[in-house]
Number of protein chains: 4
Amino acid sequence: MQQLLEEITQQLALETERGKVADYIPQLAEVDPHQFGISLATVEGERFSAGAAATPFSIQSISKVFTLTMGLGKLGDGLWTNVGREPSGDPFNSIVQLEHENGKPRNPFINAGAIAVVDAIMMGHEPRETLAELLSFVRYITDDQSLYFDHQVAASEMAHKDRNASLAHFMKAFGRLRHDVDKVLGTYFHQCALAMSCDQLAHAGLFLASDGVNRPSNLRVVSPQRARRINSLMMMCGHYDASGEFAFRVGLPGKSGVGGGILAIAPGRGSLAVWSPGLDEYGNSLLGARALEMFVQRTGWSVFGH
Amino acid sequence: MQQLLEEITQQLALETERGKVADYIPQLAEVDPHQFGISLATVEGERFSAGAAATPFSIQSISKVFTLTMGLGKLGDGLWTNVGREPSGDPFNSIVQLEHENGKPRNPFINAGAIAVVDAIMMGHEPRETLAELLSFVRYITDDQSLYFDHQVAASEMAHKDRNASLAHFMKAFGRLRHDVDKVLGTYFHQCALAMSCDQLAHAGLFLASDGVNRPSNLRVVSPQRARRINSLMMMCGHYDASGEFAFRVGLPGKSGVGGGILAIAPGRGSLAVWSPGLDEYGNSLLGARALEMFVQRTGWSVFGH
Amino acid sequence: MQQLLEEITQQLALETERGKVADYIPQLAEVDPHQFGISLATVEGERFSAGAAATPFSIQSISKVFTLTMGLGKLGDGLWTNVGREPSGDPFNSIVQLEHENGKPRNPFINAGAIAVVDAIMMGHEPRETLAELLSFVRYITDDQSLYFDHQVAASEMAHKDRNASLAHFMKAFGRLRHDVDKVLGTYFHQCALAMSCDQLAHAGLFLASDGVNRPSNLRVVSPQRARRINSLMMMCGHYDASGEFAFRVGLPGKSGVGGGILAIAPGRGSLAVWSPGLDEYGNSLLGARALEMFVQRTGWSVFGH
Amino acid sequence: MQQLLEEITQQLALETERGKVADYIPQLAEVDPHQFGISLATVEGERFSAGAAATPFSIQSISKVFTLTMGLGKLGDGLWTNVGREPSGDPFNSIVQLEHENGKPRNPFINAGAIAVVDAIMMGHEPRETLAELLSFVRYITDDQSLYFDHQVAASEMAHKDRNASLAHFMKAFGRLRHDVDKVLGTYFHQCALAMSCDQLAHAGLFLASDGVNRPSNLRVVSPQRARRINSLMMMCGHYDASGEFAFRVGLPGKSGVGGGILAIAPGRGSLAVWSPGLDEYGNSLLGARALEMFVQRTGWSVFGH
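The rules behind these values
- Residues numbered from 1 in each chain as written.
- Chains lettered and ligands numbered in written order.
- Predicted model: local features only at pLDDT ≥ 70, side-chain atom pairs only at ≥ 80, totals over all residues.
- Heavy atoms only, no water.
- UniProt positions renumbered as here; feature names shortened; annotations may be inferred.
- Pairing = 2+ DSSP bridges.
- Helix = DSSP H or I, 4+ residues; strand = E, 2+ residues; numbered from the N terminus.
- Axes fitted to C-alpha atoms, helices over the stretch in contact; angles between N-to-C directions.
- Contact = heavy atoms within 4.5 Å.
- Buried area = accessible area lost by both parts, 1.4 Å probe.
- Salt bridge = Lys/Arg side-chain N within 4 Å of Asp/Glu carboxyl O.
- Polar contact = N/O pair within 3.5 Å; in protein donor to acceptor, adjacent residues only side chain to side chain.
- Buried < 20%, exposed > 50% of the residue type's maximum accessible area, 1.4 Å probe, protein only.
- Core = buried A, V, L, I, M, F, W, Y, C linked by side-chain atoms within 4.5 Å.
- Domains from an automatic or database assignment.
- Least-squares fit on C-alpha atoms with pLDDT ≥ 70 in both.
- Phe/Tyr/Trp six-rings, centres within 6.5 Å; stacked < 30°, edge-to-face > 60°.
- Lys NZ or Arg CZ within 6 Å of the ring centre and 35° of its normal.

The name given to chain A in an unreviewed UniProt entry is Glutaminase, with the source organism recorded as Vreelandella malpeensis. UniProt lists a comment for chain A under the heading Catalytic activity (unreviewed entry), and it reads "L-glutamine + H2O = L-glutamate + NH4(+)". Recorded in UniProt under Sequence similarities (unreviewed entry), the annotation for chain A is "Belongs to the glutaminase family."

Caption draft 1: View of the sheet that holds strand 9 (residues 270-275) of chain B. All names here are of chain B. Across the sheet, five strands lie side by side as 3-2-9-8-7; this open sheet has antiparallel pairing. Single-partner strands in this sheet number two, and they are strand 3 (47-51) and strand 7 (254-256). Neighbour-to-neighbour, the strand axes of this sheet turn through a mean angle of 10 degrees, independent of strand direction. Sheet strands touched by helix 14 (residues 286-299): strand 2 (37-42), strand 8 (261-266) and strand 9. Its angle to strand 9, the strand with the most contacts, is close to 145 degrees.

Caption draft 2: Structural detail: the sheet that holds strand 2 (residues 37-42) of chain C. Residues and elements named next belong to chain C. Strand order in the open sheet made by the five strands is 3-2-9-8-7, with antiparallel pairing throughout. Each of the sheet's edge strands pairs with one partner strand only, and the pair in question is strand 3 (47-51) and strand 7 (254-256). If you compare each strand with its neighbour and ignore which way they point, the axes differ by 10 degrees on average. The pairing of strand 2 with strand 9 (residues 270-275) spans six bridges and is antiparallel. Each bridged residue has a counterpart across the sheet, and for Ile38 the counterpart in strand 9 is Val274. The sheet contacts of helix 1 (residues 2-13) involve strand 2 and strand 3, and relative to strand 3 the element is tilted by about 20 degrees. Seen against the sheet, helix 10 (residues 198-209) touches strand 2, strand 3, strand 8 (261-266) and strand 9 and runs at an angle of roughly 150 degrees to strand 9.

Caption draft 3: Quick look at the interface of chain A and chain B. Counting residues at the interface gives 33 residues for chain A and 33 residues for chain B. Around 3100 Å² of area is buried between chain A and chain B when both sides are counted, 55% of it from carbon and sulfur atoms. Of all residues in chain A, the largest losses of buried area upon contact with chain B belong to Arg228, Phe248 and Phe304 of chain A, amounting jointly to 26% of the total for that side. Joining chain A to chain B, the criterion identifies four salt bridges. Here Asp241 of chain B makes a salt bridge to Arg106 of chain A, at a shortest N to O gap of 3.1 Å. Here chain A and chain B share 16 residue pairs in polar contact (both at pLDDT 80 or more) between them.

Caption draft 4: Seen up close, unusual backbone geometry. Each neighbour pair has its own omega, and for Arg215 of chain A with Pro216 of chain A the value is 0 degrees, a cis peptide bond. Mapped onto the fold, Pro216 of chain A is located in the loop between helix 10 (198-209) and helix 11 (224-237). Even without being a glycine, Met123 of chain B presents a positive backbone phi close to 45 degrees. With respect to the helices and strands, the residue Met123 of chain B is situated in the loop between helix 5 (111-122) and helix 6 (127-142). Residue classification places Met123 of chain B among the partly exposed positions, given a relative accessible area of 38%. With a phi close to 55 degrees, Asn102 of chain D is a non-glycine residue in the positive phi region.

Caption draft 5: Region of interest: the nonpolar core. Core analysis: the biggest nonpolar cluster contains 391 residues, and Phe66 of chain A, Phe66 of chain B, Phe66 of chain C together with Phe66 of chain D have the highest contact counts within it. If sequence neighbours within four positions are ignored, Phe66 of chain B has contacts with Ile59, Leu134, Phe137, Val138, Ile141, Met196, Leu201 and Ala204 of chain B.

Caption draft 6: Quick peek at the domain arrangement of chain A. Residues and elements named next belong to chain A. Once the domains are mapped, chain A shows domain 1 (2-60 + 195-298) and domain 2 (63-193). Centre-to-centre separation of domain 1 and domain 2, based on C-alpha positions: 21 Å. With 32 residues of domain 1 at the contact, the number on the domain 2 side is 39 residues. Taking both sides of the interface into account, the surface hidden between domain 1 and domain 2 amounts to around 3000 Å²; carbon and sulfur atoms contribute 65%. The tally of links from domain 1 across to domain 2 stands at 10 residue pairs in polar contact (both at pLDDT 80 or more). Per-element tally for the side of domain 1 that touches domain 2: the top contributor is helix 11, with seven residues.

Caption draft 7: The relation of the copies chain A and chain B, seen in detail. Once turned by 180 degrees and shifted 0.0 Å along the axis, chain A lies on chain B with an RMSD of 0.0 Å. The two molecules are tied by a two-fold rotation axis, judged by turn and shift. Residues of chain A ranked by C-alpha distance from the rotation axis are headed by Gly89 of chain A, positioned 2.4 Å from it. The residues that chain A uses at the interface reappear at the interface of chain B in 100% of cases, marking a shared surface.

Caption draft 8: How the structure looks around the packing of aromatic side chains. Summed over all chains, the structure comprises 20 aromatic pairs over all chains. Centre to centre, the rings of Phe170 of chain A and Phe174 of chain A are 5.3 Å apart; their planes meet at 35 degrees, and the pair counts as tilted. For the ring pair Phe57 of chain C and Trp275 of chain C, a centre distance of 4.9 Å and an interplane angle of 5 degrees mean the geometry is stacked. Of this pair, Phe57 of chain C sits in strand 4 (residues 57-58) while Trp275 of chain C sits in strand 9; the two residues are 218 residues apart in sequence, bridging distant segments of the chain. Each member of the pair, Phe57 of chain C as well as Trp275 of chain C, is classed as buried. In this structure, Arg85 of chain C is placed above the aromatic ring of Phe248 of chain D, and the distance from its NZ or CZ to the ring centre is 4.1 Å. One Lys or Arg, Arg85 of chain D, reaches over the ring of Trp80 of chain D and ends 5.2 Å from the middle of that ring.

Caption draft 9: Main features of the pattern of salt bridges. Applying the stated criterion to the full structure yields 44 salt bridges over all chains. Among the ionic pairs, Glu99 of chain C bridges to Arg163 of chain A, the shortest N-O distance being 3.7 Å. Here Glu99 of chain C, found in helix 4 (residues 96-100), pairs with Arg163 of chain A, found in helix 8 (residues 162-173), and the two come from separate chains. In this pair, the class of Glu99 of chain C matches that of Arg163 of chain A, namely buried. Of the charged contacts, one joins Glu7 of chain B and Arg298 of chain B as a salt bridge, the two residues approaching to 2.9 Å between their closest N and O atoms. Of this pair, Glu7 of chain B sits in helix 1 (residues 2-13) while Arg298 of chain B sits in helix 14, placing them 291 residues apart in sequence. Given the relative accessible area of 27%, Glu7 of chain B is considered partly exposed. Connected through shared salt-bridge partners, Glu101 and Arg106 of chain A together with Asp241 of chain B make up one network.

Caption draft 10: Examining the UniProt feature "binding site: substrate" (unreviewed entry) in chain A more closely. All names here are of chain A. When the UniProt feature table is mapped onto this chain numbering, "binding site: substrate" (unreviewed entry) sits at Ser61, Asn111, Glu157, Asn164, Tyr188, Tyr240 and Val258. By the secondary structure assignment, Ser61 is in the loop between strand 4 (57-58) and helix 3 (63-75). Overall, the relative accessible area of 6% leaves Ser61 in the buried class. Aside from chain neighbours lying at most four places away, what touches Ser61 is Tyr240, Lys255, Ser256 and Gly257. Looking at the element boundaries, Val258 is found in the loop between strand 7 (254-256) and strand 8 (261-266).

Caption draft 11: Structural view of the pairing of strand 3 of chain B. All names here are of chain B. Where strand 2 lies against strand 3, five bridges are found, and the strand directions are antiparallel. Bridge assignment links Leu40 to a residue of strand 3, and that residue is Phe48. The hairpin formed by strand 2 and strand 3 contains four residues between the paired strands, and Gly45 there has a positive phi angle of roughly 100 degrees.

If you want it as structure tokens, here you go:
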């Protein structure tokens, strides 16, 4: 395994076509596109990593997996009143679908859906309380108290909030949000500004690979059924309008972020995190997806057959 | 296993809410909604079945799995020039997506995509030649020479062809089809009129559960990679606009048909076929999906974890 | 003429089907639906009115005619950089079209377009300065210094701003707005809260009927070409998704508001204002449109022939 | 008048940017783009023309005005059951709107709407009978028995029918068409293949300028109300997705065709026909629209004011 991760890292180091770093806020635009990290945490408790696997990056939309988990914990199936669970067929920030479906977002991983999940988990509390709770949860599943929100990133997102503000006000107009739009957005932007390394991220995802049980603590985070369901949502909707492509090429449930990270789950086997800041045209890490494709080809860990 | 299938069959026999039988052609409208069958073929060569598992029904869109397999065999990745591989976010017969994407259908399982696949596999031949080839292929993977097209169903579909004719002419206008529209539709309607029982269907799907190898012949039908990719397409797009729901509840790659059948693949384990003619609002078998959900809950065969 | 207006008023007084009063803010929901007023100001300087023609009501979207006039005065054809001039085929508050056309609203009379016009006329000033300028302009063309904004209505709109806030943030994300979204919305909601009577409104529109010249002052407000162009926009887009219907039945350029008012222009002849608070399914005054239809049938003032 | 038409003709002869000739069928692609004709028939019975005003060209969609007139004559308001009367906000051959509105086309001038009108006027008859009736009608209002269908153009359209066939089958699937799709299309393509000169076309439109009365025969073709309504539809929908632009610049009801012709009606004054084969990006005659704009600026015949 260790050798495989190193081979992948070496091979991708030679790659000149690395995609385009997200540039809508300066904090992301300034990231060096030549960085690459990969990390694997297995259900047996082994850890492997290569490249810049200890470097923290902005996990962005990968955080939606954690808020979804919290949302299901708090509301159970009640969460689905204001969020759907189908692929959208539209880009991550599309508003067209909302208008056609009474302001109900298609799934919890497009921006509108993630904003609706944040609103659902706030439950009348202030942003700082919700954020403290989220941080506490992610520190718990990562077993690492050093995790933090990058406030500069969050502030910069807030300064460029218009597209997400449009989504939030639209849902609010349909009664899909209970809280003040600016408070919901403030919480959402901090959530997306979580800084994590591949090592931390792989650890954080491990409960989804092991039927809901955290490792090495062996404490249950979610039920096996809920773990399966979160995985199914990652498979169907984790890469926006390129989710089919990721399933076709990689064959694992995964969630990408515009910071260049991808978390992928191999049920019963392990949790993988990759990071390469350059994105493809759909906003997913170009080399990150390729690394996972190479990994699965070599290991046969696809959920769709060896 | 046998006992499990029988329990599921007995439990669903009590169900009074059985969905609505497809009624757009008389041959489907007249089917008795109280029938139910389930069949499992394992990669180890075992067979289990319960209920009306030997009764042939119109497999309809499930046939798209077989033509997709043929299309990949003939054109390889060239098939993807005129067909995409993303979930559509639209109903099975939507034309909106075609207009927004230059007549290229989103995936091979919506009607437009399946029609494009048929056109691709015709390769200049007449409908009867293509249909003979298809029948030969399905008889081979089923190991059953008795399979047949129900010509009455095909004729009735042709008499109600307008929605599909609209899709086909639209793609033709964008140069996505090479052959005469009526010939393509004639082939397509026959393909959908394949009559198969659950037992036959489960057998036919077995190569997708066993990395591309037919059982019990042990002859390779497709490469392991291709088997995985077909499974991924079934997962992402096999239930039209309710594919996310099927993945969420069942967690297996599957393909439904308006005849009330569903083929589901448990990679490395087996191939399942269920049949119950009543459909839900998305055009998928209501009790068929429930039977699969019960089966997976009891066996832990979900690809997303036990 | 006087007799005609009175006949129309009497006939419509008997009407029991009066539409549905706008109810999204309490100030509009509480208006008595049995009120009706009609007023005509001719280019020769005559005035006729019947019913509650002196009662002020919330002109709402009719105000968009005045801000469009100001916008063209300030920016000339530069206004069309961020606003189109085609019918939209969508409801007044649709956001779908914005996403499909890079955040550029179809025309200045749908909400998004009117918000873009407000942003254009602010030119770096504060809301109160822009509103003072607007009030001054409308008082001038009405020759009535008593006109006022209903601040309660404006405050209530602001409290229910979400749908319009969504439109504004969406346009802002595409760089279509220069000013702070809340300031633009504050200005927009005050503009819509202008209170005018039919008598005042008919007077205000008179310059559009007389080639751009105000009456009785004979001072030019806009060039003849600009008057024609504003009239053409009222014809094509003045009734949202029911503009075709209004042209078909009435045959005059017109602009409706959810307060139940309609301003209609008979070029070379006069300016008509009607008011009846009940709306049809498209948000246009039900009896107001019928009154205009009756008027045109009797006078032959349609622009499409006698 | 004569001098004005000649000046316009001379000025446009110098124009080097002449648009792009329609090229989807060879018969249109081969037309010399340097031709230009203009003709005016006044309600007083005068005739003026300049340039190639006697040269027949393919009137294409302008014919929709004549079939609409026939359709209203046969079905009255019953015609509106299967055709709407609102601008579409979409290109002439869009199918998106049909899917969103149960197969009912937005107006009689987009292709789908015109096909629905043809179906409505067939009333159980064969194409040749309907076409004979249409030819008879157009010969009557033109007072010219030499008018003909260009069968080569019609045959070529039929050979490139796919986009329109898609629209027709779609409507048929929703029960909007009564007749066989190929028969409806055959009739439609012949209708569009009517060959007329500007002189003939201006004469044919005269009844719409004179309250429904043909000139010089003084026989009534339609009621004054119906003439107004047809004019309103030409204004709102006559130039597809650029109808707003035509109203803004020209200010007359008009109908364009991809052959490069435009018929424009000045109610109470006269009927204008222009022809220049080069099209703008929306499929409307580039210099034709400019000629009408020049004409209206000089004469003050806009319906929106002098």
